[in-house]
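Residue-level structural notes
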Amino acid sequence: MMSKPGNIEAAFALARERFESLGVDVERALETLRKVQISVHCWQGDDVGGFEGEARALGDGLAVTGNYPGRARTVDELRSDLEMAYSLIPGRHRLNLHAMYGEFGGPVDRNEIDVEHFQGWIDWGRQRGVSLDFNPTFFSHPKAADGFTLSHADRGIRQFWVEHGIACRRIAAAMGAAQGNPCIDNFWVPDGYKDTPADRRSPRLRLAESLDEIFRDALPPDQTLDAVECKLFGIGSESYVVGSHEFYMGYAVSRNKVLCLDAGHFHPTEVISDKISAVLMYVPELLLHVSRGVRWDSDHVVTFTDELQAIMQEIVRGDYLGRVHIGLDFFDASINRVAAWAIGTRNALKALLAALLEPTERLQQLERDGDFTARLALMEEQKTMPLGAVWDYYCLSSGVPVGADWLQRVREYEQAVQLNRSSAVQNV
Ligand code: RNT
Ligand code: ZN
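Residues numbered from 1 in each chain as written. Chains lettered and ligands numbered in written order. Predicted model: local features only at pLDDT ≥ 70, side-chain atom pairs only at ≥ 80, totals over all residues. Heavy atoms only, no water.

Considerations on the site of ligand 1
Every residue near ligand 1 is listed here: Trp43, Leu62, His98, Trp188, Glu229, Lys231, Asp262, His265, His289, Asp329 and Phe331. Within the side chain of Glu229, a nitrogen or oxygen atom sits 2.8 Å from an oxygen atom of ligand 1. One of the side-chain N or O atoms of Asp262 is found 3.0 Å from an oxygen atom in ligand 1. Isolated, ligand 1 exposes 310 Å² of accessible area, and the fraction of that covered by the protein chains is 100%. (Near = heavy atom within 4 Å. Polar contact = N/O pair within 3.5 Å; in protein donor to acceptor, adjacent residues only side chain to side chain. Areas by Shrake-Rupley, 256 points an atom, 1.4 Å probe, with all protein chains shown as cover.)

Focus on the coordination of the zinc ion (ligand 2)
For a metal with four donors in a tetrahedral arrangement, the ideal angle between donors is 109.5 degrees, while six donors in an octahedron ideally sit at 90 or 180 degrees. All of the protein donors around the zinc ion (ligand 2) are Glu229 (OE), Asp262 (OD), His289 (ND1) and Asp329 (OD); their distances to the metal are 2.1 to 2.2 Å. Seen from the zinc ion (ligand 2), its six donor atoms lie at angles of 71 to 168 degrees, and the figure they make is octahedral. Read in sequence order, the donor residues coordinating the zinc ion (ligand 2) give the pattern E-x32-D-x26-H-x39-D. Of this pair, Glu229 sits in strand E6 (residues 224-229) while His289 sits in strand E9 (residues 286-290), and the two are 60 residues apart along the sequence. (Donors = N, O, S within 2.8 Å, 3.2 Å for Na, K, Ca; no water. Tetrahedral: all angles 85-135°; square planar, octahedral: opposite > 155°, others 65-115°. Helix = DSSP H or I, 4+ residues; strand = E, 2+ residues; numbered from the N terminus.)

Some words on the nonpolar core
With 79 residues, the main nonpolar core has Tyr248, Leu259 and Leu288 as its most contacted residues. The dominant element in this core, judged by the number of residues it contributes, is helix H10 (residues 337-356), at nine residues. Counting residues in each nonpolar core, the second largest holds 47 residues, with Val48, Leu88, Phe134 and Trp188 among its members. (Core = buried A, V, L, I, M, F, W, Y, C linked by side-chain atoms within 4.5 Å. Buried < 20%, exposed > 50% of the residue type's maximum accessible area, 1.4 Å probe, protein only.)

Describing the side chain of Lys275
Take Lys275: it is sitting in helix H8 (residues 273-279). In this structure Lys275 comes out as buried when scored by relative accessible area, which is 13%. Other than its neighbours up to four places away in sequence, Lys275 contacts Leu261, Phe266 and Glu270. (Contact = heavy atoms within 4.5 Å.)

Observations concerning the environment of Leu219
Tracing the sequence through the fold places Leu219 in the loop between helix H6 (201-214) and E6. Setting aside its immediate chain neighbours within four residues, Leu219 contacts Arg169, Ala173 and Thr224.

Quick look at the structure:
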């Protein structure tokens, strides 16, 4: 059943009154939300496969499970799926590409990739009004097969990956120049050991040295910004990850880099929401990989969890929207992949809206006054304020489906397009 626009507007009018009685400017919240661009990760569309030819089995700390039909197999299929997903998400958003997603037209090794292989994406982005972000791909490659890349003991292998990193910065700068805003180029390096290392020190020295070499030439910050992403452990790197939090925190502070915090990359009871205001004391900007860890997995589809809400609250309460780039990072092959994008991205935006609808100043004043009773009371009442009515209105006024109406569109697309594809790749 489709939602009736008249009812949505009526519910919104009542909800607005409720929020305004708390001193919240609802129109301003919606205006702010409209300007936020989420960096949507391309890799949910094809199970982190890429377009380098035969899709390789993942590894290097990453795993995709599920074999839901309809995986995008080509660049055209991925673009079509992305356009479908964007049509279900209110607002204008970015696309986060990995280097393995270029249009190579034949074998091109990672150290030889160049802007020409991404010209198609740059043109597509320009036509669609979608700005691009970028990531070098330090996994799914024979030279990463033993679990080490930039910190490898072998100089030749390190050199290969340094060249890849340099090539990726050049590509990211070209993307930023074309779109007129910086392309965030995020470095995640899987290197690590399954079992207890005898030498934790040397790989870290080598990783810092390789990164310094990659970043040696300064690039215009209005074209590209380098980000570095840590991880506590991965599958196959349970005992030691070279690029740990302390490693990259220190690296980002000393080299003035953007720090990337992935919500699934810490101890299972540790949250990134509390880290935002701490690290922003010392690094200029943050990139978030909004994700959801579940036990050993760090990449479940983002749902409307307490931690998602806390992340968005921190961004709003700390007035950090200008310094935090919100990206997504999850991959689930057990459900429709366009639906996964729609669910995760809509949730991120919905949580951001919830944070924007808080009476932030009032809560902070109560805290300054030492009135913790009222602070707790108001925070708890906020949880059942009519967020849904404002969100529905935002979707309606943005021209995207309201409530679960988007699911019907995905079902139709699945029947007409995705189910006609066959998949050669079998995930776990
Ligand atoms: C891996 C990191 C990284 C990847 C992508 C594909 O644990 O989170 O961000 O998910 O680069
Ligand atoms: Zn990540």
